[in-house]
Every structure is written in C-alpha cells, then in structure tokens.
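The lines below spell out each chain.
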Amino acid sequence: MAKQRSVWLTLTLALALTATGCSSTKKDEVPDEPPEVLYQDAQARLQAGNFIRAAELLEAMDSRYPFGAYSNQVQLDLIYAYYKQDDTARALANIDRFIRLNPNHPSVDYAQYMRGLTNMATDHNFFQELLNVDRADRDPAYARQAFADFRQLLRQYPDSVYAADARARMVALKNRLAKYDLAVARFYMKRGAWLAAANRAKFVVQSYPDTDTLQPALQIMAEAYSTLGLTNMANNAKAVLKANFPAG
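Overview of the structure. Just so you know, these numbers come straight off a predicted model, no measurement behind them.

A look at the overall build of the protein chain
A count of helices and strands for the protein chain gives twelve helices and zero strands. Long-range contacts, defined here as pairs at least 24 residues apart, represent 55% of the contacts in the protein chain between residues at least 6 apart. A total accessible area of about 14900 Å² is found for the protein chain, and carbon and sulfur atoms account for 55% of it.

This is the structure in structure tokens:
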C-alpha cells in the first residue's frame, strides 16, 4: 500500500512539474516586441477566436508595460479573453481590479457589464443545455450575483450602451431565480413540510409576480394552507388564483 502511495505521489509530482514547465515555456514564447506589435498580434488572435494565445500576449503586455499607453485596454481585453475561455476566476479578478484602479474610466460600465455576463455564464450548465435537462433546483448563487451586477450597471449607468441588453438578461435571470424558489416550494410539499412550502410559494408570489411561476405558486399556497387547516388563507390564495387565472 505504501509502495502504491509512493508511485501515485511520484506521478503527481511529475505531472505538476510538467505543467509548470509548460506554463513557463508558453510565457517564454511571447517575443520581446514593442507594445504596439504585441497588441496588434493580440487583437488579431482575439478576432480569430484564439483566446488562449491572445490572453498569453495580453498577460505579457500587462506584465511588461503596466503603465504604458495600452495598459487600460489590455486589461479590458484580458477580461474578454478570460470570459471567452470560461476562466471565471481570472475574469472576475481582472474586472474587480480594473474597476478599483479606474473608477472614473469611460469603460467602467463595460467592466460592470462583463461582471454580470461572467457570473451569468458561470451559472450556466453546459451539460444541462446539451441534454436539454431542466435543473431549476441547482444553486442559483451565481445567477443572483449576475442579477445584482446588471442592476448595479443600470443604477450607475442607465444610459450605457449595455443597458438594454442588461435589462433583457435580468428578465431571464428573474425567471431562473423564480423557478428555483418554486422548485424549493415543491420539494417542501413532497416532504410534507406544508408551512415551509406555503412560505416559499408566498415569497415567489411577492418577489416574482411577473413570471410564469405565479400560477403554480398560488396553487401551492392554496393546497398548503388547506392542508394546514388555515381556511381563510387558503380561500384568499384561491381567490387571487381565480382572479388572475380564471380559465385555470
């Protein structure tokens, strides 16, 4: 057993050293060119969709010329390159750094917009889309943060060129959050936790009245209150349900 553990340790160390060596080699591959040449190369890579190489070039520029004429734009392009690689951690780190160091820069609205996009992309599940599986019950932490990011953008920069798209994305995120809370209410119902189900459904009704979750949430409230013997509250829920969905 000890021998097997030793073999695994050796392999792990070898892989780590290999990865470190590859990383070092990649950085060394960035030529010692003037910043304008490196930037043109990085832009060409971005346009071609080669985001990994673009990021390598931009990282080199960011390290070699941190106060150069291209420094702010390099940081913004790095944010985009990381976003396109689904490198959430580095994208968010660079977004926060840019906003912190350049609070009055004319592209701060873009950085804030990219923050929302990055968190929204993190919430996205590739396999869910691939298999067309509805997983509304998965943790919506990143969706909530993305909603907050877009809301902050609209508050600070209501006339931004990104405002319209941010509003549209907030609608999609609101539906995502509403479906999650509805899924939680249904989970409580299955467990016989009627009061918890009613409370979560009530939260859906109050927080997301303009989504498709309104009708099923009212139905849960009516059933849960009836089961709990809360006749008046059940009748109120049924009345609201009938007023909003007479055909249902």
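Remarks on the nonpolar core
Residues Met114, Phe150, Leu173, Ile220 and Met221 are the most contacted members of the largest nonpolar core, which totals 44 residues. Secondary structure elements with two or more residues in this core: helix 4 (71-84), helix 5 (88-101), helix 6 (108-123), helix 8 (141-156), helix 9 (163-190), helix 10 (194-207), helix 11 (214-227) and helix 12 (231-244). If you tally residues by element for this core, the top one is helix 9, at nine residues. Setting aside residues no more than four positions away along its own chain, Met114 makes contact with Ile79, Tyr80, Tyr83 and Ile95. In terms of nonpolar packing, the next biggest core, distinct from the first, is built from 17 residues, Leu46, Leu58, Ala60 and Ala81 among them.

Describing helix 4
When the terminal C-alpha atoms of helix 4 are compared, their 20 Å separation across 14 residues agrees well with the 20 Å that a helix rising 1.5 Å per residue should span. For helix 4, the full list of buried residues reads Ser71, Val74, Gln75, Leu76, Asp77, Leu78, Ile79, Ala81 and Tyr82. Among the residues trailing helix 4, Asp86 stands out with phi positive, at a value near 60°.

What to know about a nonpolar patch on the surface
Together, Leu195, Leu228, Leu230 and Met233 give the surface a local cluster of nonpolar side chains, amounting to about 320 Å² of exposed area. In this fold, Leu230 is placed in the loop between helix 11 and helix 12.

Here we look at the environment of Leu173
Relative to the assigned elements, Leu173 resides in helix 9. Placed 33 residues apart in sequence, Leu173 and Pro140 show a C-alpha to C-alpha distance of 9.4 Å. When sequence neighbours within four positions are dropped, the list of residues in contact with Leu173 reads Met120, Ala143, Ala146, Phe147 and Phe150.

Regarding the packing of aromatic side chains
Per the counting criterion, the structure on display carries seven aromatic pairs. Plain terms: the ring middles of Tyr110 and Tyr162 are 5.7 Å apart, the flat faces sit at 50° to each other, and that makes the pair tilted. In this pair, Tyr110 sits in helix 6 while Tyr162 sits in the loop between helix 8 and helix 9, placing the two residues 52 residues apart along the sequence. Taking the centre distance of 6.1 Å and the plane angle of 55° together, the rings of Phe187 and Tyr188 count as tilted. Using a relative accessible area of 41% as the deciding quantity, one classes Phe187 as partly exposed. For Tyr188, a relative accessible area of 26% puts it in the partly exposed group. Ring pairing ties together the aromatic residues Tyr110, Tyr113, Phe150 and Tyr162, which thus form one cluster.

Observations regarding the pattern of salt bridges
Side chains carrying opposite charge are able to pair once their charged atoms draw close together. By the definition in use, this model includes eleven salt bridges. Its salt-bridge partner being Arg169, residue Asp165 comes within 2.6 Å of it at the nearest N-O pair. Of this pair, Asp165 and Arg169 both sit in helix 9, four residues apart, roughly one helical turn. We classify Asp165 as partly exposed; its relative accessible area is 30%. With a relative accessible area of 27%, Arg169 lands in the partly exposed category. What you see here is one network of salt bridges that share partners, running through Glu59, Asp87 and Arg90.

Overview of the side chain of Thr211
Mapping Thr211 onto the fold places it in the loop between helix 10 and helix 11. Relative accessible area serves as the criterion here: at 8%, Thr211 is assigned to the buried category. Not counting chain neighbours up to four residues away, the residues in contact with Thr211 comprise Lys174, Asn175 and Ala178.

About the cut-offs
- Residues numbered from 1 in each chain as written.
- Predicted model: local features only at pLDDT ≥ 70, side-chain atom pairs only at ≥ 80, totals over all residues.
- Heavy atoms only, no water.
- Helix = DSSP H or I, 4+ residues; strand = E, 2+ residues; numbered from the N terminus.
- Contact = heavy atoms within 4.5 Å.
- Areas by Shrake-Rupley, 256 points an atom, 1.4 Å probe, with all protein chains shown as cover.
- Core = buried A, V, L, I, M, F, W, Y, C linked by side-chain atoms within 4.5 Å.
- Buried < 20%, exposed > 50% of the residue type's maximum accessible area, 1.4 Å probe, protein only.
- Expected span 1.5 Å × (residues − 1).
- Patch = residues over 30% accessible without salt bridge, like charges linked within 9 Å, V, L, I, M, F, W, Y side chains within 5 Å.
- Salt bridge = Lys/Arg side-chain N within 4 Å of Asp/Glu carboxyl O.
- Phe/Tyr/Trp six-rings, centres within 6.5 Å; stacked < 30°, edge-to-face > 60°.

None of the figures reported here should be taken as evidence of function without further support.
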